[in-house]
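This is what each chain is made of:
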Amino acid sequence: MLLVTGATGSNGTEIVRRLAAQNVPVRAMVRNRDRARAIALPNVDIVEADFDRPETLLSALVNVDRAFLLTNSTEQAEAQQLAFVDAAHHSGVKQIVKLSQFAADVHSPVRFLRYHAAVEAAIQASGMAYTFLRPNLFMQGLLHFRSAIANQNAFYAAINDAKVSVVDVRDIADSAVAALTEAGHEGKIYNLTGPQALTHAEMAEQLSVALDRQIRFIDIPPEAMRDQLLSIGMPVWQADGLLEDYAHYRRNEAAAVSSGVQEATGKEPCSFQAFACDYAKMFG
């Protein structure tokens, strides 16, 4: 049996749908069954469990051979994922496929990169087989700016002209499905990027073509970006972590293009141009 955690999020939903389409039996772990309608599909067993209640994880892990590990990036993420690793080990799980992050490192100034690296180390120390997926900034992350793009034909971030090798969530899902269903991915670390590194201004140009109207990118100071994130209700810890991410991008530490998608799936990664065309209607 395969288990997918974070099954109602953008990555988890894509993974569950792909497994169901391939007629692969999968257990989808959710906190609230009522929010799982999008994945209520044939071959999908929906189970309620909570990372903050480790005793519920054990029932979700019964008869599970391979598990996909993903939580929200909150202040509790490291503790939640470590509790899952412990429960998976005691439940006899053979392999964990973990969604990590590009440039994960315990010494990074970026809190997200530190906690991902700590959980990776715990998985390796457990003796279970592992596959680590380290995606760069998601193309679909631009959907967080869709209100500004729809109403102002612009979006804002503190990144200047640094390039980032953004990756499509659909390629992440394909990589996860391959690691969960195929042999040969054990012990692998896949850096997942798109086929090219782009500045946010270049992304705006490609969005302009796809939307058939001019979209501008406007660089703003980190303090202004923080205020913007807090104004839309993002928790302080997460907002500060995202600012650390963007400082990491501004240092050009996320511009490298990797062959990870090709290595994991056997196919070329989606271009930003294709993403922009496929998602154009969502930007209004």
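So, here is what we can say about the structure in this document. (Residues numbered from 1 in each chain as written. Predicted model: local features only at pLDDT ≥ 70, side-chain atom pairs only at ≥ 80, totals over all residues. Heavy atoms only, no water.)

Re the state of the cysteines
Part 1: Under the counting rule described, the total for this entry stands at 0 disulfides.
Part 2: Cys-270 takes part in no disulfide bond, and the closest cysteine sulfur to it belongs to Cys-277, at a distance of 9.5 Å.
Part 3: Exposure remark for Cys-270: the relative accessible area of 18% places this residue in the buried category. (Disulfide = S-S within 2.5 Å. Buried < 20%, exposed > 50% of the residue type's maximum accessible area, 1.4 Å probe, protein only.)

Side note on the pattern of salt bridges
Part 1: This model, assessed by the stated rule, comprises 15 salt bridges.
Part 2: Glu-55 is the salt-bridge partner of Arg-53, the closest N and O atoms lying 3.5 Å from each other.
Part 3: Accessibility expressed as a relative area gives 45% for Arg-53, which makes it partly exposed.
Part 4: Residue Glu-55 is classed as exposed on the basis of its relative accessible area of 52%.
Part 5: One salt bridge connects Arg-111 with Glu-244, and the closest N-O pair in it is separated by 2.7 Å. Here Arg-111 is found in helix 4 (residues 111-126), whereas its partner Glu-244 is found in helix 9 (residues 236-250), with 133 residues between them in sequence. (Salt bridge = Lys/Arg side-chain N within 4 Å of Asp/Glu carboxyl O. Helix = DSSP H or I, 4+ residues; strand = E, 2+ residues; numbered from the N terminus.)

Here's the deal with the environment of Leu-137
Part 1: Residue placement: Leu-137 occurs in the loop between strand 6 (129-135) and helix 5 (146-152).
Part 2: Sequence spacing of Leu-137 and Ala-280 is 143 residues, and the spatial spacing of their C-alpha atoms is 19 Å.
Part 3: Setting aside chain neighbours within four positions, we find Leu-137 in contact with Val-164, Val-166, Val-167, His-200, Tyr-246 and Tyr-249. (Contact = heavy atoms within 4.5 Å.)

As for helix 1 (residues 10-21)
Part 1: Its 12 residues give helix 1 an end-to-end C-alpha distance of 17 Å, which sits within 8% of 16 Å, the value for a rise of 1.5 Å per residue.
Part 2: Most of helix 1 is tucked away: 9 of the 12 residues are buried.
Part 3: All buried positions along helix 1 are accounted for by Asn-11, Gly-12, Thr-13, Glu-14, Ile-15, Val-16, Arg-18, Leu-19 and Ala-20.
Part 4: Asn-23 occupies a position one or two residues after helix 1 and carries a positive phi of about 60°. (Expected span 1.5 Å × (residues − 1).)

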